[in-house]
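So the chains spell out like this:
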Amino acid sequence: MKRIKIEGGHKLSGTINISGAKNSAVALIPAAILCDEEVVIDNIPNISDVDALQEILEYLEADIKREESRITIDASHIVNKEIPESIAKKLRASYYFMSSILGKYKYVEMYFPGGCAIGARPIDQTLKGYRALGAKVIEENNKFTISADELVGGHVYLDMPSVGATINTILVAVRAKGETVIENAAREPEIVNIATFLNSMGAKITGAGTSTIYIEGVEYLGKAFTEVIPDRIETGTYIIVGALMGDNLTINNVIPEHVDSLIQKLKEAGCDMKVDESSVTISQINGGRAINVKTLGYPGFPTDLQQPLSTLLTQLEGESVLEETIYENRFKNVPYLNDMGANITIDDKKIHVIGPTKLTGKVVNATDLRAGACLVLAGLKAEGETIIENVEHVLRGYENIIGKLSAVGAKIELEEYNEVA
Ligand code: EPU
């Protein structure tokens, strides 16, 4: 197992370059299945979630070449076979394969996907999309068998703007006969990235980035190239690092508009930052004021940044209230922050953070990806040594986090350890 050891309290300056977005890459790679020719995707982050998707492609016998941040995939001759549970459960995004295989071959067998344990995470809206396009879904012992004689465009109203259900419905609709309309679609930038990629293959998708998406099915999808957009959650995480420990820390290769909700909240708290076309430069907040934050779908404040933000809230003067509206169980970081000296109470879907409080290094546990990020941030701020165990979760989503933070002055190391029974 792996753990991160941090000696806290060091000011950070220099430049951190942001990698390609995990939540785009994990949908772009399965989307390659739909293509009848070779696709090239650039700016792929080097994270273990991408390795897991590559494993699925290899299992399906696609031709893959991965060189640095570029992946070339020829999935035109894959073998459509059941994707085993052991692979499917490695990550949430494995179910994008379920959709792209169904979209191309009209038959797929796959197990329920995995993902961070942050709430129930049902897939009913995805299944609703499949059914609206004429597919028959059989669910038995955690396994889905989905088939259709013909996929025909349909009207899908999503009960909530689910990122996964929006992408899954697009993937199934691009080769269906006729027009599909998705209403109450998610508007995340990752969805625009996927639609642009599919359109470059010859798909006809309009409205991505708005609440209504139209997809006119096509019969053939050809050679395509795309670039993964910068990761807005990695961007936001390092901006918060800057607010905690920065001394003119520059976060580079970013699309500031994608993290505007965070930038506005940090300004409200009293953070001084310089926002340029593709970078943000930020220094440690001085005498920051408490803020209230509520997570929402894009362009609202992202749920994926609320845990990292909670570390900063411990340093603001007064009582901050942070409300999580997307997941039921995304406060597993809180007991560890409290152990390090924070004053946080959980009240159903809200946390109340009273600050400022001094943080002290402790041995803590990364229960999920963003909880792990929160604790890395706390470790950078804390006095003394923090050890974050179980950081495989963190490595799933943050490319070279140790190298990036070390390069700007953090004292941080990754080490192997054996769990004591
Ligand atoms: N939901 C349903 N039914 C569905 C789908 C979703 O009830 O069929 C609910 C979920 O339970 C949740 C909410 O709707 O309460 C939002 O879920 P959504 O489908 O939008 O999330 P997702 O597609 O499973 C992606 C990201 C998450 C990110 C969310 C929200 C990927 C692989 N994952 O998940 O990323 O939190 O969108 O923005 O794209 C992370 O990176 O740490 C992460 C968890």
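Residues numbered from 1 in each chain as written. Predicted model: local features only at pLDDT ≥ 70, side-chain atom pairs only at ≥ 80, totals over all residues. Heavy atoms only, no water.

S.K.: Explain the overall build of the chain to me, please; I cannot follow it from the model alone.
M.R.: Tallying secondary structure elements over the chain gives 14 helices and 23 strands in all. Its C-alpha atoms give the chain principal-axis dimensions of about 60 × 40 × 40 Å. In the chain, buried positions account for 57% of the 421 residues. Of the contacts formed within the chain by residues at least 6 apart in sequence, a portion of 73% connects residues at least 24 apart. Just so you have it, the chain exposes about 16200 Å², and 45% of that area is on carbon and sulfur atoms. For the chain, the separation between the mean place of its 41 positive charges and that of its 58 negative charges on side chains is 1 Å. (Helix = DSSP H or I, 4+ residues; strand = E, 2+ residues; numbered from the N terminus. Buried < 20%, exposed > 50% of the residue type's maximum accessible area, 1.4 Å probe, protein only. Contact = heavy atoms within 4.5 Å. Areas by Shrake-Rupley, 256 points an atom, 1.4 Å probe, with all protein chains shown as cover. Lys, Arg positive; Asp, Glu negative; His and termini not counted. Charge placed at Lys NZ, Arg CZ, Asp CG, Glu CD.)

S.K.: It is not clear to me how the layout of surface pockets should be interpreted in this structure. Could you clarify?
M.R.: In this approach, a probe sized like a water molecule rolls over the atoms, and the result shows the empty space that is left. One number sums up the size of the largest pocket: a volume of about 1000 Å³. What lines the largest pocket is a set of 42 residues, and nearest its centre among them are Arg121, Val163, Gly164, Ile326 and Tyr327. The set of elements that each furnish at least two residues to the lining of the largest pocket consists of helix 1 (22–31), helix 4 (95–105), helix 5 (124–132), helix 6 (163–173), helix 10 (303–313) and helix 12 (369–381). Of the residues belonging to the lining of the largest pocket, the class tally is 20 nonpolar, nine polar and 13 charged. Shared between two domains, the lining of the largest pocket holds at least three residues of each, these being domain 1 (2–19 + 230–416) and domain 2 (22–227). Taken as a whole, the second largest pocket holds about 150 Å³ of empty space. Lining the second largest pocket are Arg187, Glu188, Pro189, Val192, Asn193, Thr196, Gly209, Ile229, Glu257, His258, Tyr298 and Pro299. (1 Å grid on protein atoms, 1.4 Å probe; cavity = no way out; pocket = protein on both sides within 12 Å on 5 of 7 lines; lining within 4 Å. Points joined across faces, edges and corners; volume = space filled by probe spheres on them. Nonpolar A, V, L, I, M, F, W, Y, C, P; charged D, E, K, R; others polar. Domains from an automatic or database assignment.)

S.K.: Looking at this model, I keep getting lost on helix 8 (residues 232–245). Mind explaining?
M.R.: Working note: α-helix, 3.6 residues per turn, so residues spaced by three or four point in the same direction. For helix 8, built from 14 residues, the straight-helix expectation of 20 Å at 1.5 Å per residue is met to within 8% by its first-to-last C-alpha distance of 20 Å. In terms of residue burial, helix 8 counts as a mostly covered element, since 14 of its 14 residues are buried. Its side-chain oxygen at 2.9 Å from the backbone nitrogen of Ile233, Asp231 defines the N-terminal cap of helix 8. (Expected span 1.5 Å × (residues − 1). Polar contact = N/O pair within 3.5 Å; in protein donor to acceptor, adjacent residues only side chain to side chain.)

S.K.: Hey, could you run me through the pattern of salt bridges in this one?
M.R.: Two side chains of opposite charge can pair, provided their charged atoms sit close to one another. Within this structure, the stated rule accounts for 21 salt bridges. For Lys143, the salt bridge identified is with Glu82, shortest N-O distance 2.9 Å. Taken together, the residues Lys143 in strand 8 (residues 143–147) and Glu82 in the loop between strand 5 (70–74) and helix 3 (85–88) connect sequence positions 61 residues apart. A relative accessible area of 17% places Lys143 in the buried class. A salt bridge links Lys177 to Glu150, with the shortest nitrogen-to-oxygen separation between them at 3.4 Å. Of this pair, Lys177 sits in the loop between helix 6 and strand 10 (179–183) while Glu150 is found in the loop between strand 8 and strand 9 (155–157), placing the two residues 27 residues apart along the sequence. By relative accessible area, which is 54% here, Lys177 ends up exposed. Glu150 sits in the partly exposed class, given a relative accessible area of 40%. What emerges from the salt-bridge pattern is a single network uniting Arg3, Lys5 and Glu415. (Salt bridge = Lys/Arg side-chain N within 4 Å of Asp/Glu carboxyl O.)

S.K.: Help me understand the pairing of strand 19 (residues 343–347), please; the structure alone is not making it clear to me.
M.R.: Looking along a regular strand, one sees the side chains alternate between the two faces of the sheet. With five bridges connecting them, strand 19 and strand 20 (residues 350–355) associate as antiparallel partners. Bridge assignment links Asn343 to a residue of strand 20, and that residue is Ile354. What sits between strand 19 and strand 20 in their antiparallel hairpin is a turn of two residues, with Asp348 showing a positive phi close to 60 degrees. (Pairing = 2+ DSSP bridges.)

S.K.: Teacher, can you tell me more about the site of the ligand here?
M.R.: Around the ligand lies a shell of 23 residues, among which Gln125, Ser162, Asp304, Ile326 and Arg370 are the nearest. Between the ligand and Arg92 there is a distance of 3.0 Å, counted from an oxygen atom to a side-chain nitrogen or oxygen. Measuring from an oxygen atom of the ligand, one finds a side-chain N or O atom of Tyr327 at 3.0 Å. Protein chains bury 90% of the 820 Å² of accessible surface belonging to the ligand in isolation. Under a 2 Å grid-point criterion requiring more than half of the atoms, the pocket assigned to the ligand is the largest pocket. Those elements that provide at least two residues to the shell around the ligand are helix 1, helix 5, helix 6, helix 10 and helix 12. (Near = heavy atom within 4 Å. Sits in = over half its atoms within 2 Å of the grid points.)

S.K.: Any chance you could explain the packing of aromatic side chains here in plain terms?
M.R.: A ring pair, where both rings are aromatic, is described by two values, the distance of the centres and the angle of the planes. Under the definition given, this model contains two aromatic pairs. Taking the centre distance of 5.3 Å and the plane angle of 35 degrees together, the rings of Tyr95 and Tyr96 count as tilted. The pair Tyr95 / Tyr96 is uniform in exposure class, with both members buried. An angle of 35 degrees between the planes, with centres 6.2 Å apart, marks the rings of Phe112 and Phe144 as tilted. (Phe/Tyr/Trp six-rings, centres within 6.5 Å; stacked < 30°, edge-to-face > 60°.)

S.K.: Would you explain the sheet that holds strand 16 (residues 279–282) in this entry?
M.R.: Adjacent strands of a sheet pair through backbone hydrogen bonds, lying either parallel or antiparallel. Reading across from one edge, 2-14-16-15 is the order of the four strands in this open sheet, with mixed pairing throughout. Of all strands in the sheet, those with a lone pairing partner are strand 2 (12–17) and strand 15 (273–275), marking the two edges. Here the average twist between neighbouring strands, direction ignored, is 10 degrees. Summarising the sheet, strand 14 (residues 246–252) and strand 16 pair through four bridges and their orientation is antiparallel. (Axes fitted to C-alpha atoms, helices over the stretch in contact; angles between N-to-C directions.)

S.K.: Looking at this structure, how should I read the side chain of Asp42?
M.R.: Position of Asp42 among the secondary structure elements: in strand 3 (residues 38–42). Residue class for Asp42 comes out buried when judged on its relative accessible area of 16%. When neighbours within four sequence positions are excluded, Asp42 is seen to be in contact with Ser69, Arg70, Phe225, Thr226, Glu227 and Val228.

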